[in-house]
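Observations on the three-dimensional arrangement
Chain by chain, the residues run as shown.
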Amino acid sequence: QAAKMAAMSKLAAGVAHEINNPCGVLLMKLKFLLSIADEEQLSSRAISTLGVAVEQTERIQTIVDSLVRFSRPTQSMPRPVDVNEAIGGALARPDLPASVSLNRTLSEGLPQVVADPEQLQQVIVEVLSNAVDAMPNGGTLTVTSQLLPTAPGELAIQIRDTGGGIPADFIDRIFDPFFTTKAVGKGTGLGLAVSYGAMQRFGGRIEVTSERGVGTLAQIFLPATAS
């Protein structure tokens, strides 16, 4: 897994560098055309087409940004972090559909973990987003935090959904760069790969188990600081 990550990181860095500049120029030119649309008396059809072009170019930029994050991870600034605060911040960021009900059970008095707070929160956001996406018709999202009785000194963030589950032949590939089970245009396949790398830097890990027709459980494990 580490060798695969290193090879894909090198490829991603090269691709991102080659795409980033021309993509920026293209977006600037498209937005300029939109700004003079009335002056040039462009038809509503032409304006609509330009709007779609801007939207899709911005999507390319989003993918390139993901490539950059994957190939050159943000400098970490680890410090003691309250896991429940990180979970609360993550839950406040994504839009939770009305069709998804949230069960939140966070243990009180948990020891802190040493991590970069922004990166840890982003890892939680990524896992939460995947869980919500797995329930397009609604369901239950359960988020818990606890010290593991079976592993003293280890803290777990558990995120469970009631979606359709991940096929057994896909479960071993979900952390592979560019692998995604989402529809075209719905994901870059880099979110979990970036999260995997971040957790390694914090001395933690992510484990995912899933059952078709029942749902998926993602667990984020981190070593707890001494009390």
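Residues numbered from 1 in each chain as written. Predicted model: local features only at pLDDT ≥ 70, side-chain atom pairs only at ≥ 80, totals over all residues. Heavy atoms only, no water.

Looking only at helices and strands, the chain has five helices and seven strands in total. Ordering the α and β elements of the chain from the N terminus gives α-α-β-α-β-β-α-β-β-α-β-β. In the chain, which comprises 227 residues, the share counted as buried stands at 38%. Of all intrachain contacts in the chain linking residues separated by at least 6 positions in sequence, the fraction that spans at least 24 positions is 71%. Element-wise, carbon and sulfur atoms account for 54% of the exposed surface of the chain, whose accessible area totals about 12,800 Å². (Helix = DSSP H or I, 4+ residues; strand = E, 2+ residues; numbered from the N terminus. Buried < 20%, exposed > 50% of the residue type's maximum accessible area, 1.4 Å probe, protein only. Contact = heavy atoms within 4.5 Å. Areas by Shrake-Rupley, 256 points an atom, 1.4 Å probe, with all protein chains shown as cover.)

Turning our eyes to something else, we now look at the sheet that holds strand S2 (residues 100-106). Judged by pairing direction, the sheet is mixed, and its five strands sit side by side in the order S2-S4-S5-S7-S6 without closing on themselves. Only two strands of the sheet have a single partner each, and these edge strands are S2 and strand S6 (205-211). The mean angle between the axes of side-by-side strands here comes to 15 degrees, regardless of whether they run parallel or antiparallel. Here strand S4 (residues 139-147) runs beside strand S5 (residues 154-161); their pairing, made up of six bridges, is antiparallel. In the strand pairing of S5, Ser-145 is matched with Ile-157. On the sheet, helix H5 (residues 191-201) packs against S6 and strand S7 (215-223) and is oriented at approximately 135 degrees with respect to S6. (Pairing = 2+ DSSP bridges. Axes fitted to C-alpha atoms, helices over the stretch in contact; angles between N-to-C directions.)

Closest axis-to-axis distance for the helix H4 (residues 117-133)/H5 pair is 10 Å, and the angle between their directions is 145 degrees. Relative to H5, H4 is oriented so that their crossing is left-handed. Taking contact as the criterion, the partners of Gln-119, Val-123, Glu-126, Val-127 and Asn-130 in H4 are, on H5, Gly-191, Leu-192, Ser-195, Ala-198, Met-199 and Arg-201. The residue makeup of the contact of H4 with H5, split by class, is five nonpolar, four polar and two charged. (Left-handed = near helix turned anticlockwise from the far one by under 90°. Nonpolar A, V, L, I, M, F, W, Y, C, P; charged D, E, K, R; others polar.)

Let us now look at unusual backbone geometry. With a phi angle near 55 degrees, Gln-41 is a residue other than glycine that sits in the positive phi range. Among the secondary structure elements, Gln-41 is positioned in the loop between helix H1 (2-35) and helix H2 (44-71).

There is a patch of nonpolar side chains on the surface, built from Val-15, Ile-19 and Ile-60 and spanning about 190 Å² of accessible area. You can see Ile-60 is positioned in helix H2. (Patch = residues over 30% accessible without salt bridge, like charges linked within 9 Å, V, L, I, M, F, W, Y side chains within 5 Å. Salt bridge = Lys/Arg side-chain N within 4 Å of Asp/Glu carboxyl O.)

This structure, assessed with the given rule, holds three salt bridges. In this structure, Glu-207 engages Arg-205 in a salt bridge whose closest nitrogen and oxygen atoms are separated by 2.8 Å. Through salt bridges with shared partners, a single network forms among Glu-154, Arg-205 and Glu-207.

This part is about the nonpolar core. Core analysis: the largest hydrophobic core is formed by 36 residues, its most contacted members being Leu-120, Ile-124, Leu-128, Leu-141, Ile-157, Ile-159 and Ile-220. Looking at this core, the elements with two or more residues in it are helix H3 (83-92), strand S3 (113-115), H4, S4, S5, H5, S6 and S7. Element by element, the count of residues in this core is highest for H4, at eight residues. Look past the residues within four positions of Ile-220 in its chain and what remains in contact with it is Val-123, Ile-124, Val-127, Leu-155, Ala-156, Ile-157, Met-199, Arg-205 and Ile-206. (Core = buried A, V, L, I, M, F, W, Y, C linked by side-chain atoms within 4.5 Å.)

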